[in-house]
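Residue-level listing of the chains:
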Amino acid sequence: MLEKDIEKVLVSEEQIRVRSTELGEILTAEYEGKNPLVLGILRGSVPFMAELIKHIDCHMEMDFMTVSSYHGGTKSSGEVKLIMDVDTAIRGRDILIVEDIIDTGRTLKYLKELLEHRGAKVKIVTLLDKPEGRIVDIDAQWTGFTIPNEFVVGFGLDYDNNYRNLPYVGVLKEEVYSK
Ligand code: XMP
Ligand code: MG
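Let us look at the structure shown here. (Residues numbered from 1 in each chain as written. Chains lettered and ligands numbered in written order. Predicted model: local features only at pLDDT ≥ 70, side-chain atom pairs only at ≥ 80, totals over all residues.)

## Here's the deal with the pairing of strand β2 (residues 37-42)
The element β2 is extensively covered by neighbouring structure, given that 5 of its 6 residues are classed as buried. Sheet topology places β2 next to strand β5 (residues 94-102); 4 bridges connect them, and they run parallel. Residue pairing in the sheet places Val38 in a bridge with Leu96 of β5. (Buried ≥ 20, exposed ≤ 12 C-beta atoms within 10 Å, placed from the backbone. Helix = DSSP H or I, 4+ residues; strand = E, 2+ residues; numbered from the N terminus. Pairing = 2+ DSSP bridges.)

What follows is the structure, encoded as structure tokens:
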């Protein structure tokens, strides 16, 4: 059904599973004994968060924040807004932000500065990175996959809130946008 709208698969379900296992092992070593707050950015990070934390084998807590930088379509508005905050105390804590994708970098720069301002130690893991899209200077400590500067959907990523449920990351057919 959804697959007919996909031009090509960029990252397969299997690749995501293997890479999430590797990242989980790295993060286990990093955060052992630190009880980090693993902070998913809604809504795009949910599938990656679920896959990743299965492989983080140490004590951790989980929370979510919602920010918006895209108002539908495929272009960023450039403005980041805080929609839903964490309800966990974060001063002095290790926070691992879990994000679906870094494009311009605006979302993560905003979030990192906000959380650091509140006294947290912040690191970032992202499923995808589009380095060619970068406008502000920010990088993740850990990246699943580096991808070309194309608009992607699936595994949490959406086009007008659709396609998040695809089990892989792919590029939509041109005709879907022009509908
Ligand atoms: P910035 O530009 O702030 O972007 O680094 C981060 C947020 O923008 C969204 N984004 C995308 N969403 N396909 C999507 O479905 C994409 O190719 C894409 N590029 C950026 C995403 O919500 C991310 O959190
Ligand atoms: Mg997002």
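## Topic: unusual backbone geometry
Arg43 follows Leu42 through a cis peptide bond whose omega is 0 degrees. Positionally, Arg43 belongs in the loop between β2 and α2 (46-53). At Tyr163, a residue that is not glycine, the phi angle is positive and equals roughly 75 degrees. Tracing the backbone through its elements, the reader meets Tyr163 in the loop between β8 (152-153) and β9 (169-172). Among the residues examined, Tyr163 registers 21 C-beta atoms within 10 Å and is labelled buried.

## Quick word on the site of ligand 1
The full set close to ligand 1 counts 18 residues, and Asp103, Thr104, Arg106, Thr107 and Leu157 are the nearest of them. Of all elements in the fold, only β3 (61-70), β5, α3 (106-117) and β8 reach the threshold of two or more residues within the shell around ligand 1. A per-element tally of the shell around ligand 1 places β5 first, with 4 residues. A per-class count over the shell around ligand 1 returns 7 nonpolar, 6 polar and 5 charged. (Near = placed C-beta within 6 Å. Nonpolar A, V, L, I, M, F, W, Y, C, P; charged D, E, K, R; others polar.)

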